[in-house]
Amino acid sequence: MFEQRTLRSEALFKGQGLHSGKPVTLRVLPAPPNHGIQFKRTDLRDHTIPARVEHLTESRLSTTLSRNGIQIGTVEHLLAALAGLGVDNARVELDGPEIPILDGSASPFVEAFLEVGLLRQESLRSFLTVVQPVGVAEGEKRLAVFPSNDLRITYAIDFPHHAIGYQGREFRISRNAFADEIAPARTFCLYRDIEEMRRQGLALGGNLGNAGVVGDDGVVTGAVPFSGELLGHKILDLIGDLSLIGRPVRGHIVVFKGGHRLHASLVRRLLATPQAWTLRAGRESLPSHLVRGYERQKAGFLPGHALTA
């Protein structure tokens, strides 16, 4: 996947925003090489917002982009679908303030993009390749990225709830792994948090068809969650947030108890540390001693729990 990619034709979606509850029509269209991902609010005189971290304004319960006072909310699932399939260039047009939540996962986007097809373009991709570790922390939450010749994610969560507890897993992110194991993971919340979110005007479009709700007795939902779905959705969110760098990343990201805000902190810290990365074509590899040189540091990054390969 060394060449840039876009869609072969338009993909159309209709739904409602998770937090706003407002109906929205979304179109994802092809774009020329080096265009990147750009959002356009067609209800506001075609106001355009590039999918770059400099336009990130909210990252608490979702990822929101803003420019000149105009916002587009909950962009992370769509961005993850584009990044996970290796789509570099696309125009995203919507007539409302938030990307539709659909079923709460990235699978509807992935399925639609694969149906319309992906188009290789003449320009080569330029990878942000990590050559020195960069990390961020917030209390016991921590996240770091280490040198690697591909994108790997080791993610662990630890919720004080008997239905969740500690979960950890490592993925090498490929198109197939993303589409089959990460994209289907739906968003989730704790039942006890719903009332407070609604009081703040959030999750107005949430329901048991587009979110897993974790109650005292386990997960309450319209469908049985698959094994590792909660952890999978955290990885899905990370891939979407990471795409705000504006180019594909080659690095091994290790996370303990992350979230949107910590993901954004790493993106900003990484871009602000230019000595920690280079821009390379996909065919250029790092020397093996550099990639393997941080194994002990990575091994000590997470608590002493086993990971699922």
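See the structure printed just above.
Thresholds applied
Residues numbered from 1 in each chain as written. Predicted model: local features only at pLDDT ≥ 70, side-chain atom pairs only at ≥ 80, totals over all residues. Heavy atoms only, no water. Pairing = 2+ DSSP bridges. Helix = DSSP H or I, 4+ residues; strand = E, 2+ residues; numbered from the N terminus. Axes fitted to C-alpha atoms, helices over the stretch in contact; angles between N-to-C directions. Buried < 20%, exposed > 50% of the residue type's maximum accessible area, 1.4 Å probe, protein only. Expected span 1.5 Å × (residues − 1). Contact = heavy atoms within 4.5 Å. Polar contact = N/O pair within 3.5 Å; in protein donor to acceptor, adjacent residues only side chain to side chain. Parallel < 35°, antiparallel > 145°, perpendicular 65-115°, else oblique. Nonpolar A, V, L, I, M, F, W, Y, C, P; charged D, E, K, R; others polar.

> How do you make sense of the sheet that holds strand 7 (residues 64-67) when you look at a structure like this?
The strands making up a sheet are joined through hydrogen bonds of the backbone, oriented either antiparallel or parallel. What the three strands build is an open sheet, ordered 6-7-8; its pairing is antiparallel. Both edges of this open sheet fall to strand 6 (56-58) and strand 8 (70-72), since each of them pairs with a single strand only. Within this sheet the neighbouring strands show an average axis-to-axis angle of 40°, counted without direction.

> What's the story with helix 1 (residues 76-84) in this structure? I'm lost.
Burial within helix 1 is extensive, with eight of its nine residues counted as buried. Just past helix 1, the residue G86 takes up positive phi, approximately 80°.

> Whenever I open this one, helix 5 (residues 229-242) confuses me. Can you help?
Helical geometry note: an α-helix holds 3.6 residues per turn, so side chains three or four residues apart project in the same direction. The end-to-end C-alpha distance of helix 5 is 20 Å, a good match for the 20 Å that 14 residues give at a rise of 1.5 Å each. The element helix 5 is extensively covered by neighbouring structure, given that 14 of its 14 residues are classed as buried.

> How do you make sense of the environment of G251 when you look at a structure like this?
Looking at the element boundaries, G251 is found in strand 19 (residues 249-256). Note: C-alpha distance between G251 and F146 (105 residues apart in sequence) is 5.5 Å. Leave out the neighbours within four places in its chain, and G251 touches V130, V145, F146, S148, D150, L151 and R152.

> What exactly am I supposed to notice about the side chain of E93 here?
Tracing the backbone shows E93 in strand 9 (residues 90-94). For E93, a relative accessible area of 17% corresponds to the buried category. Polar contacts involving the side chain of E93 include one to the side chain of R91, which spans 2.9 Å. Contact partners of E93, with chain neighbours within four places excluded, come to T25, L26, R27, L29, K40 and T42.

> What am I meant to see in the packing of helix 1 against helix 5 here?
Relative orientation and spacing of two packed helices are given, respectively, by the angle between their axes and the distance between those axes. Their axes nearest at 7 Å, the elements helix 1 and helix 5 cross at an angle of 80°. Between helix 1 and helix 5, the crossing angle belongs to the class labelled roughly perpendicular. On helix 5, the residues that touch E76, H77, L79, A80, A83 and G84 of helix 1 are H233, L236, D237, I239, G240 and D241. Counted by class, the contact of helix 1 with helix 5 contains five nonpolar, four polar and three charged residues.

> Where do I start with the sheet that holds strand 4 (residues 37-41) in this structure?
Pairing in this open sheet of five strands is mixed, and the strands run 2-3-9-4-5 from one edge to the other. Among the strands making up the open sheet, the edge pair consists of strand 2 (11-16) and strand 5 (47-50). Taking each pair of neighbouring strands and ignoring which way they run, the sheet shows an average axis angle of 20°. Of the strand pairs in this sheet, strand 4 and strand 9 are connected by five bridges, and their pairing is parallel. In the strand pairing of strand 9, K40 is matched with E93. Sheet strands touched by helix 1: strand 3 (23-29), strand 4 and strand 9. Its angle to strand 4, the strand with the most contacts, is close to 145°. Lying over the sheet, helix 2 (residues 107-116) contacts strand 2 and strand 3, oriented at roughly 160° with respect to strand 2.

The values are spatial; any link to function lies outside them.
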